[in-house]
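# Structural overview for review
So you can see what is in the structure, the chains are spelled out below.
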Amino acid sequence: QVQLIESGGGLVQTGGSLRLSCAASGRTTSSYAMGWFRQAPGKEREFVSAISWSGRLTSYADSVKGRFTISRDNAKNTVYLQMNSLKPEDTAVYYCALVYGVTLPTRSYEYDYWGQGTQVTVSS
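First things first, this report covers the structure right here in the doc.

## A closer look at the overall build of the chain
- Helix and strand content of the chain: zero helices and eleven strands.
- Each helix and strand of the chain, placed in order from N terminus to C terminus, yields the pattern β-β-β-β-β-β-β-β-β-β-β.
- Here the C-alpha atoms of the chain give a radius of gyration of 13 Å, agreeing with the 14 Å that 2.2 N^0.38 yields for 124 residues.
- The C-alpha extent of the chain, read off along each of the three principal axes, is 40 × 25 × 25 Å.
- Counting every position in the chain, which comprises 124 residues, the buried fraction comes to 43%.
- Considering only residue pairs separated by 6 or more positions, the chain has 59% of its internal contacts joining residues 24 or more positions apart.
- Looking at the chain as shown, the accessible area adds up to about 6400 Å², and 46% of this sits on carbon and sulfur atoms.
- Averaging the positions of the 12 positive and the 9 negative side-chain charges in the chain gives two centres separated by 5 Å.

## Points about the pairing of strand E11 (residues 118–123)
- By the alternation rule, side chains of E11 split into Thr-118, Val-120 and Val-122, which are all buried, and Gln-119, Thr-121 and Ser-123, of which none is buried.
- Bridge count between strand E9 (residues 92–100) and E11: three bridges; the pairing is antiparallel. Bridging across to E11, Tyr-94 finds its partner in Thr-118.

## As for the state of the cysteines
- Across all of its chains, the model carries one disulfide by this definition.
- At a sulfur-sulfur separation of 1.9 Å, the disulfide partner of Cys-22 is Cys-96. The sign of the S-S torsion, about 50°, decides the handedness of the disulfide formed by Cys-22 and Cys-96: right-handed. With Cys-22 in strand E3 (residues 18–25) and Cys-96 in strand E9, this pair connects stretches of sequence that are 74 residues apart. Accessibility classification places Cys-22 together with Cys-96 in one group, the buried group.

## Quick word on the pattern of salt bridges
- Tallied over the full model, the rule gives four salt bridges.
- Here Lys-65 makes a salt bridge to Asp-62, at a shortest N to O gap of 3.1 Å.
- Residue Lys-65 is classed as partly exposed on the basis of its relative accessible area, which comes to 49%.
- Salt bridges linked by common partners bring Arg-38, Glu-46, Arg-67 and Asp-90 together as one network.

## Let's talk about unusual backbone geometry
- Its identity as a non-glycine residue notwithstanding, Asn-77 has a phi of 50°, on the positive side.
- By the secondary structure assignment, Asn-77 is in the loop between strand E7 (68–73) and strand E8 (78–83).
- Exposure remark for Asn-77: the relative accessible area of 17% places this residue in the buried category.

## Here's the deal with the nonpolar core
- Core analysis: the largest hydrophobic core is formed by 34 residues, its most contacted members being Leu-4, Trp-36, Phe-68, Leu-81, Met-83 and Tyr-94.
- Within the residue set of this core, elements represented by two or more residues are E3, strand E4 (32–39), strand E5 (46–51), E7, E8, E9 and E11.
- Residue contributions to this core peak at six residues, all from E9.

Here is what the cut-offs are and how they apply
Residues numbered from 1 in each chain as written. Predicted model: local features only at pLDDT ≥ 70, side-chain atom pairs only at ≥ 80, totals over all residues. Heavy atoms only, no water. Helix = DSSP H or I, 4+ residues; strand = E, 2+ residues; numbered from the N terminus. Rg over C-alpha atoms; globule rule 2.2 N^0.38 Å. Buried < 20%, exposed > 50% of the residue type's maximum accessible area, 1.4 Å probe, protein only. Contact = heavy atoms within 4.5 Å. Areas by Shrake-Rupley, 256 points an atom, 1.4 Å probe, with all protein chains shown as cover. Lys, Arg positive; Asp, Glu negative; His and termini not counted. Charge placed at Lys NZ, Arg CZ, Asp CG, Glu CD. Pairing = 2+ DSSP bridges. Disulfide = S-S within 2.5 Å. Salt bridge = Lys/Arg side-chain N within 4 Å of Asp/Glu carboxyl O. Core = buried A, V, L, I, M, F, W, Y, C linked by side-chain atoms within 4.5 Å.

Rendered as structure tokens:
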């Protein structure tokens, strides 16, 4: 079974930055896309960003374009989400996800494996 472990969440002031990491482990680790989703209390889970296996293709939600950057280090089986210029609206539990055989998935149902989530809180 593939396991995903997120880290890097925490409390930050408006305008600050955080860098989330998600490390994947399991039997097979090649040719998978990864993404980030978030869910605020009482809200639906929403897409944040995704990256293809090669790293050549990326996708961002309109709400985070220009502020967040997704990247990956396949040698470490890790995906990152650099979050800059954070706003209170970014407060949520952030989840990373993984799927094999899909180039650039942006919908929750496309993913097969999920991390446990890491809390990001942006104070006013």
